[in-house]
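Overview (structure and organization)
The chain contents come next:
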There are 2 protein chains.
Amino acid sequence: MRPDDVDGIQLDVRAAADYLDLPVSKLQKLLQKRELLQLWGDHQHLFRFDTSISHIDSGSVLQQKNGCFELIRGFPKIQRAMLLKPAIEAHFSDVETVCVEEKMNGFNVRIVTVDGKIIAITRGGYVCPYSTERVQKFLDIDLFEEHPELVLHGEMVGPDNPYIPKKIYNVESLELFVFDIRHKHSGIPLPLHERRQLAKEYGFTQVRLFGEFSKEEAPLKIREIIRELGKIEHEGVIIKDPMMEIAPLKYTCSQSNCADLKHAFKFYNDVGRDYLFSRVVREGFQAVEWKETSDDIDKRCLQLGRSILYPMIDSINDIGNGSRVADEVQMRVSSLETVSKFKEYLRRQGMETIFSEPEVAGDEFIVKIRKLNKSTNDKTLSMWKGETW
Amino acid sequence: MRPDDVDGIQLDVRAAADYLDLPVSKLQKLLQKRELLQLWGDHQHLFRFDTSISHIDSGSVLQQKNGCFELIRGFPKIQRAMLLKPAIEAHFSDVETVCVEEKMNGFNVRIVTVDGKIIAITRGGYVCPYSTERVQKFLDIDLFEEHPELVLHGEMVGPDNPYIPKKIYNVESLELFVFDIRHKHSGIPLPLHERRQLAKEYGFTQVRLFGEFSKEEAPLKIREIIRELGKIEHEGVIIKDPMMEIAPLKYTCSQSNCADLKHAFKFYNDVGRDYLFSRVVREGFQAVEWKETSDDIDKRCLQLGRSILYPMIDSINDIGNGSRVADEVQMRVSSLETVSKFKEYLRRQGMETIFSEPEVAGDEFIVKIRKLNKSTNDKTLSMWKGETW
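Residues numbered from 1 in each chain as written. Chains lettered and ligands numbered in written order. Predicted model: local features only at pLDDT ≥ 70, side-chain atom pairs only at ≥ 80, totals over all residues. Heavy atoms only, no water.

Per an unreviewed UniProt entry, the recorded name for chain A is ATP-dependent DNA ligase, and the organism is Methanococcoides alaskense.

Okay, here's the thing in structure tokens:
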């Protein structure tokens, strides 16, 4: 079975093309190439873009209802500053000040209402059943009833996160931190302070604002912030034009690069390669911009090497000793239906998982999930059996 | 102009297909897709395979002459042992002993006679004009007159190597070290001791043989050899079935991995990514097999981190200070015609180079070559100008 096969609702290609201002042939081609895909179950009237075309980013979702359409734009890719000073000068040349907010390490979702219900859409344009269940607790439907045109961009953060569980944020279970609010269809963001005001009004959690700085002082301020965030293993910052007319920039802590590598190299043959080069390059540029001494650089070298080699060595040894390495995460649900929906959701994405029996936790359930990283286990085992690389 | 465009000689597709035991349509498709490419200049009757198909490896060269054909088989890829003990046991299960020869770090060539002249063919199936000129000094035509069916596989090693210059081998200029001899067309290798005997008879240089070991003692012996080779920055070993009926295995020193990374990360955006993951993984497996203490592993971590970060930091700083990073190599030729042929050869492969004026060196000439690593220079410069990644 192809993962997104569904019966029933079909896309009205001609009307959709007209709404999206695209040629009909283009849309037909996307459907044929499975780059525009229908969701399943309750969301068969949603179609996700698995590629970027002309003015539509990958991850955008097209909603079809009674011959009408709505487009929920993909999450815009945030460019990375490698050297803070020149990047801020060049990128924000048209503004006087920049705001610095925290970049949190969690799971990225877009939250919208569809048919009057709040749903959480992943970066890839899927509706995540778990995030959708959880997000009902964090957001009031009033917000969307009064502002149905808004899309909230937020980070799902905390230990009960089956994607990126982190205990560093002092979140007990799971929390949504909103960092951006945009208009449906146009994708135009609210100005930063307006967004922060909205969060206060409607009482939802948002990312930390470190301050608004002149462009001249920003690089040094950000360096100080990054050093402090690094100490507590937080990820980094997003640098924003207060009016949000210029796209934001991201910048991260060395400790966060290394934490990513540590996790990636436990599963070196599944994700190690994808993580490695970019993070190594960031270390190089940061050392240069911060004019580090050879002692500082040596510390960085040791830290980098340790983040890569130790988790890999542990995995090779563990697998050699007969155990299997797995990513152990957990979810906390109020309805067991969410568990089966989430299981199906991961299965359709080709992920191999083992779900534990639900444990009662107050009025909710905890379900533990072992994600099998097949490639690392299989490859390492084959090496122990004497196969060659 | 497409790099391999030539006039004149055309491949007789029908006859070639018949000789290669391939369908005519297959060969036509290869030509259309430019996966079977005609060489230029003096070698228009040679056609190189830029892909592997059925029984023909990438890098194989088909010679057409007067309606007859000959196939010079591509250099067979040597599998890598990640864990010596299990790999030797499993891979060499049918033999009692293995021979261990040095794996040298140089430029890989296959040497054959074509039209009675000795030529050097690269891994990709090109005729390298420089290696071809040099190899005349190292090999006697007698060898090929008496054994026209042989293909010598050797490593061009030394400082006058425009590909991989190394001073570690105590070679003054350039030397050819033969490590394999195979039959044309069939690709069947000579038994190791027969090959070594031939080298003695015809007086050509060959790689070092460390010994022939029982399979039981081999892993420990190889570990000792690798430790010694590492100290002098040599690359590693090839483990061979003495009869050469089983394919050889390679195994390398940590110091050589790190030396590769040091070179690669000077040009991080050109070659860094390709080199990184595989070498990191080798470090992990070696540390496991050698049951290293955390002190040993820490040394490895620091060494690994240093090999990556310092050359990259130097390049970023150099480029920020207005200079450009380049790979500086040199060649030593007896004929200036070789220089122009080599320049054309690199140009056709899309390499940007600056050749110095030839300097007289005895009865030969030295030409220095700066290989511009455009991607690293351009990317780093753009970061200094404030562009984002």
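**Examining the overall build of chain A**
Going by this rule: Secondary structure elements follow DSSP: runs of H or I no shorter than four residues count as helices, runs of E no shorter than two count as strands, and numbering proceeds from the N terminus. The size measure is the radius of gyration over C-alpha atoms, and the globule rule it meets is 2.2 Å times the number of residues to the 0.38 power. Residue burial is assigned from relative accessible area. The probe radius is 1.4 Å, only protein chains are included, and a residue is buried under 20% of its type maximum, exposed over 50%, and partly exposed in between. We call two residues in contact whenever any of their non-hydrogen atoms come within 4.5 Å of each other. All accessible areas in this document rest on Shrake-Rupley with a 1.4 Å probe, and a residue is counted as covered only by the protein chains that are shown.
Counting secondary structure elements, chain A contains twelve helices and 17 strands. Its C-alpha atoms give chain A a radius of gyration of 22 Å, near enough to 21 Å, the size a compact globule of 389 residues would have. Dimensions of chain A along its principal axes, counting C-alpha atoms only, are 65 × 60 × 50 Å. In chain A, which comprises 389 residues, the share counted as buried stands at 56%. The contacts of chain A with a sequence gap of at least 6 include a subset with a gap of at least 24, amounting to 66%. Split by element, the accessible area of chain A, about 17200 Å² in all, is 47% carbon and sulfur.

**A look at the UniProt feature "domain: RNA ligase Pab1020 C-terminal" (unreviewed entry) in chain A**
As a reminder, the rule being used: UniProt positions are given in the numbering used here, feature names are shortened, and annotations may be inferred rather than shown by experiment.
Here the UniProt-annotated "domain: RNA ligase Pab1020 C-terminal" (unreviewed entry) positions come out as residues 263-387 of chain A. Structurally, residues 263-387 of chain A comprises 62% helix and 18% strand, and the distance from its first C-alpha atom to its last is 26 Å.

**Side note on the sheet that holds strand β13 (residues 249-252) of chain B**
Residues and elements named next belong to chain B. Let me state the cut-off plainly: By this definition, two strands are paired if DSSP reports at least two bridges between them. For helices, the fitted line uses only the C-alpha atoms of the stretch in contact; every axis is such a line through C-alpha atoms, and the angle between N-to-C directions lies from 0 to 180 degrees.
Reading across the sheet, the five strands line up as β5-β13-β12-β6-β11 and stay open at both edges, with mixed pairing between neighbours. Where the open sheet ends on each side, the last strands, each with one partner, are β5 (79-80) and β11 (209-214). The pairing of strand β6 (residues 97-103) with β11 spans five bridges and is classified as antiparallel. By the bridge assignment, V100 is partnered in β11 with G211. Each of β6, β11, β12 (236-240) and β13 is contacted by helix α7 (residues 218-231), which is oriented at about 155 degrees to β12, the strand it contacts most.

**What about the environment of R80 of chain B?**
All names here are of chain B. Rules: Polar contacts, as used here, are pairs of N or O atoms within 3.5 Å; protein pairs need one atom able to donate a hydrogen and one able to accept it. Residues neighboring in sequence count only if both atoms are side-chain atoms.
The topology assignment puts R80 in strand β5. The spatial distance from the C-alpha of R80 to the C-alpha of I238 is 9.2 Å, given a sequence separation of 158 residues. Reaching out from R80, the side chain makes a polar contact with the side chain of T252 at a distance of 2.8 Å.

**A closer look at the packing of aromatic side chains**
Rules: Put simply, two rings from Phe, Tyr or Trp (the six-membered ring, in Trp's case) pair if the centres are within 6.5 Å, and we call them stacked under 30 degrees between planes, edge-to-face over 60, tilted for the rest. Here, a charge over a ring means that NZ of Lys or CZ of Arg falls within 6 Å of the ring centre while also lying within 35 degrees of the ring normal.
All told, the structure shown has 26 aromatic pairs over all chains when counted by the stated rule. Taking 6.1 Å as the distance between ring centres and 85 degrees as the angle between the ring planes, the aromatic pair formed by Y268 of chain A and F285 of chain B counts as edge-to-face. One end of the pair, Y268 of chain A, is in helix α9 (residues 268-289); the other, F285 of chain B, is in helix α9 (residues 268-289), on a second chain. Sitting over the face of the ring of W389 of chain B, K379 of chain B holds its NZ or CZ atom 4.3 Å from the ring centroid.

**Looking at the interface of chain B and chain A**
Frequently, the measure chosen for interface size is the accessible area removed from exposure when the parts meet. Note the following rule: Computed with a 1.4 Å rolling probe, the buried area is the accessible surface lost when two parts are put together, summed over both parts. In the sections that follow, a salt bridge refers to a side-chain nitrogen of Lys or Arg positioned within 4 Å of a carboxyl oxygen of Asp or Glu.
Contacts between the two partners involve 46 residues from chain B, matched on the other side by 46 residues from chain A. Note on chain B versus chain A: buried area summed over both sides is about 4100 Å², and carbon and sulfur give 79% of it. For the pair chain B and chain A, the interface holds two salt bridges. Ionic pairing is found between D298 of chain B and R306 of chain A, a salt bridge with its closest N-O pair at 2.6 Å. There are ten residue pairs in polar contact (both at pLDDT 80 or more) connecting chain B and chain A. Those elements giving two or more residues to the side of chain B that touches chain A turn out to be β5, α3 (84-91), α9, α10 (294-320) and α12 (374-384) of chain B. Here the side of chain B that touches chain A gets 16 residues from one element, more than from any other, and that element is α10 of chain B.

**A word on helix α11 (residues 336-348) of chain B**
Residues and elements named next belong to chain B. Formally: For a helix, the expected span equals 1.5 Å multiplied by the number of residues minus one.
Relative to the 18 Å expected for 13 residues at 1.5 Å per residue, α11 spans 19 Å between its end C-alpha atoms, a close match to the ideal helical length. Among the residues of α11, those classed as buried are T338, V339, F342, Y345, L346 and R348. Against β8 (117-122), α4 (129-138), β14 (326-333), β15 (353-355) and β17 (364-372) lie the buried residues of α11. Near the N-terminus of α11, the side chain that reaches the backbone nitrogen of E337, with its oxygen 3.1 Å away, is that of S335. Once α11 ends, the next one or two residues include G350, with phi positive near 80 degrees.

**Here we look at the environment of Q255 of chain B**
Residue and element names in this part refer to chain B. For Q255, the location among the structural elements is in helix α8 (residues 254-266). Residue Q255 is classed as partly exposed on the basis of its relative accessible area, which comes to 34%. C-alpha of Q255 to C-alpha of A90: the two residues are 165 residues apart in sequence and 27 Å apart in space. In this structure Q255 touches G230 and K231, once residues within four positions along its chain are discounted.

**Digging into the relation of the copies chain B and chain A**
Operational definition: Least squares is the method for superposing the copies, and the C-alpha atoms it fits come from residues with pLDDT of at least 70 in both.
Overlay of chain B on chain A (RMSD 0.0 Å): rotation 180 degrees, translation along the axis 0.1 Å. What we have between these two chains is a two-fold relation. Among all residues of chain B, the one whose C-alpha sits closest to the rotation axis is L302 of chain B, at a distance of 2.1 Å. Counting the interface residues of chain B, we find that 100% of their copies in chain A are interface residues as well, pointing to one common contact surface.

**Focus: the confidence of the model for chain A**
Residue and element names in this part refer to chain A. Which entries qualify depends on this criterion: Along the chain, pLDDT gives the predictor's confidence residue by residue, from 0 to 100.
Model confidence for chain A is summarised by a mean pLDDT of 94, while 98% of its residues fall at 70 or above. Per-residue pLDDT stays below 50 along residues 1-6; that stretch engages in 19 contacts with residues further than four places along the chain or on separate chains. The ipTM value of the predicted complex is 0.90, and its pTM value is 0.91.

**Comments concerning the sheet that holds strand β12 (residues 236-240) of chain A**
Backbone hydrogen bonds hold the strands of a sheet together, and the pairing may be parallel or antiparallel. Residue and element names in this part refer to chain A. The strand order β5-β13-β12-β6-β11 describes an open sheet built from five strands, whose pairing is mixed. Whereas interior strands pair on both sides, the edge strands pair on one side only; in this sheet they are β5 (79-80) and β11 (209-214). When β5 meets strand β13 (residues 249-252), the two strands line up parallel, connected through two bridges. What sits directly across from R80, in β13, is K250.

**Considerations on the state of the cysteines**
To keep it simple, the criterion reads: Defined by distance alone, a disulfide is two cysteine sulfur atoms within 2.5 Å.
Here the structure, examined in full by the defined rule, presents zero disulfides over all chains. Not engaged in a disulfide, the cysteine C301 of chain A finds its nearest cysteine sulfur in C258 of chain A; these two sulfurs lie 10 Å apart.

**Brief notes about the environment of I366 of chain B**
All names here are of chain B. For I366, the position within the fold is in strand β17. Overall, the relative accessible area of 9% leaves I366 in the buried class. Once residues lying within four places of it in the same chain are set aside, the contact partners of I366 are D160, Q330, M331, R332, E357, P358, E359 and A361.

**So, unusual backbone geometry**
Residue H185 of chain A is not a glycine yet carries a positive backbone phi of 65 degrees. Of note, H185 of chain A is situated in the loop between β10 (175-183) and α6 (192-202). Positive phi, close to 50 degrees, is recorded for N66 of chain B, a residue that is not glycine. With respect to the element layout, N66 of chain B can be found in the loop between β3 (61-65) and β4 (68-72).

**Digging into the side chain of D160 of chain A**
Residues and elements named next belong to chain A. Checked against the element boundaries, D160 lands in the loop between β9 (150-157) and β10. When its relative accessible area of 2% is taken as the criterion, D160 is described as buried. Within the local environment of D160, its side chain forms a polar contact with the side chain of Q330, the two groups lying 2.6 Å apart. Beyond its immediate chain neighbours, meaning those up to four positions away, D160 contacts Y130, S173, L174, Q330, M331, R332 and I366.

**Quick look at the pattern of salt bridges**
All names here are of chain A. The full count for this structure, using the stated rule, is 54 salt bridges over all chains. Put simply, E359 and K368 hold a salt bridge, and the shortest N to O gap is 3.6 Å. Note on E359: relative accessible area 38%, which makes it partly exposed. The exposure class assigned to K368 is partly exposed, which follows from its relative accessible area of 39%. Members of the salt-bridge network, linked through shared partners, are E133, R134, K137, D160, R332 and E364.

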